[in-house]
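Geometric and topological summary
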Amino acid sequence: SGDIMDTRGFCPLPGSAGPWEGNFRTCGAFFNSRTASVSSMDEGVDDRVTDLEGEVRFPTLPVISQPTTLAVITWPSAGDLTVAWNTLEATSVMVRVEPDGAERTGPTIVCTPRVNGRLTIDAALVNQSGLRAMNARLRVWAFRETAVQAEGHAWNLSGAAGSNVLLQPA
């Protein structure tokens, strides 16, 4: 995609179902084209999928507009957390709120909104998680999926783009 020529190898254990994911080493000019080609090849080692050939188009980066358009904000002291964003060409979205920092351990809230562009996380769930008392990372991931056929099976290829906001304790 773009200027990137990056090869990823996936050698799953027999019987494993995935998902198999890989990160690019560099973004290069990736978002100039926002399309990636995916293929498999026979390397002579009991390869399970030798005829995979597909292309996935990535959605635009989500632009978060609520709770803020800034990269850092203080948690609201009480009440629901409303998250709003805009992204183009996404077929699904995931919103995560998780502890931020080196350890990143603790509760995580994961939401898959039914309506692209806005969701409200109930105050009771936020309070139960205890996330208001710590630095937390709000992430909005936009996905675009496409299905291809290989070895007689349907394979789902997805591209993702994400944005985030740091929520600091009051």
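Provided above is the structure to which this section pertains.
Here goes a summary of the coordinates provided.

Basis of the calculations
Residues numbered from 1 in each chain as written. Predicted model: local features only at pLDDT ≥ 70, side-chain atom pairs only at ≥ 80, totals over all residues. Heavy atoms only, no water. Helix = DSSP H or I, 4+ residues; strand = E, 2+ residues; numbered from the N terminus. Buried < 20%, exposed > 50% of the residue type's maximum accessible area, 1.4 Å probe, protein only. Salt bridge = Lys/Arg side-chain N within 4 Å of Asp/Glu carboxyl O. Pairing = 2+ DSSP bridges. Axes fitted to C-alpha atoms, helices over the stretch in contact; angles between N-to-C directions.

**Overview of the overall build of the protein chain**
Along its length, the protein chain carries two helices and ten strands. Sequence-ordered secondary structure for the protein chain, helices as α and strands as β, is α-β-β-β-β-β-β-β-β-α-β-β. The buried share among the 170 residues of the protein chain stands at 32%.

**Some details on unusual backbone geometry**
Of note, the amide linkage connecting Gln 66 to Pro 67 takes the cis form, showing an omega dihedral of 20 degrees. Tracing the sequence through the fold places Pro 67 in the loop between strand S3 (63-66) and strand S4 (72-74). In this structure, Glu 89 takes a positive phi of about 70 degrees despite not being glycine. Along the chain, Glu 89 falls in the loop between strand S5 (81-86) and strand S6 (92-99). Owing to a relative accessible area of 34%, Glu 89 belongs among the partly exposed residues under this scheme.

**Remarks on the environment of Asp 122**
Residue placement: Asp 122 occurs in the loop between strand S8 (118-121) and helix H2 (123-129). Accessibility expressed as a relative area gives 44% for Asp 122, which makes it partly exposed. Between the C-alpha atoms of Asp 122 and Leu 81, which are 41 residues apart in sequence, the distance is 6.7 Å.

**Focus on the pattern of salt bridges**
Enumeration over the complete set of coordinates arrives at five salt bridges. Where Glu 89 meets Arg 57, a salt bridge forms, and the shortest distance between an N and an O atom there is 2.8 Å. With Glu 89 in the loop between S5 and S6 and Arg 57 in strand S2 (residues 53-57), this residue pair connects regions lying 32 residues apart in the sequence. The shortest N-O distance in the salt bridge between Asp 100 and Arg 137 comes to 3.2 Å. Remark: Arg 137 occurs in strand S9 (residues 136-150) and Asp 100 occurs in the loop between S6 and strand S7 (109-111); sequence separation between them is 37 residues. The network of salt bridges with shared partners includes Arg 57, Glu 89 and Arg 144.

**So, the pairing of S5**
Counting buried residues in S5 gives five out of six residues, a clear majority hidden from the surface. Examined bridge by bridge, S3 and S5 share three bridges and lie antiparallel to one another. Each bridged residue has a counterpart across the sheet, and for Gln 66 the counterpart in S5 is Ala 84. Summarising the sheet, S5 and S8 pair through four bridges and their orientation is antiparallel. Across the sheet, Val 83 pairs through a bridge with Leu 119, a residue of S8.

**With respect to the sheet that holds S4**
Within a sheet, neighbouring strands are paired by backbone hydrogen bonds and run either parallel or antiparallel to one another. In spatial order, the strands read S4-S10-S9-S6-S7; together these five strands make up an open sheet with mixed pairing. A single partner strand is all that each edge strand has here, and the edge strands are S4 and S7. Strand-to-strand twist in this sheet, taken as the mean axis angle between neighbours without regard to direction, amounts to 30 degrees. Both S6 and S7 contribute to a ladder of three bridges, which runs antiparallel. By the bridge assignment, Arg 96 is partnered in S7 with Val 110.

Remember that the coordinates give geometry; whether it matters functionally is a separate question.
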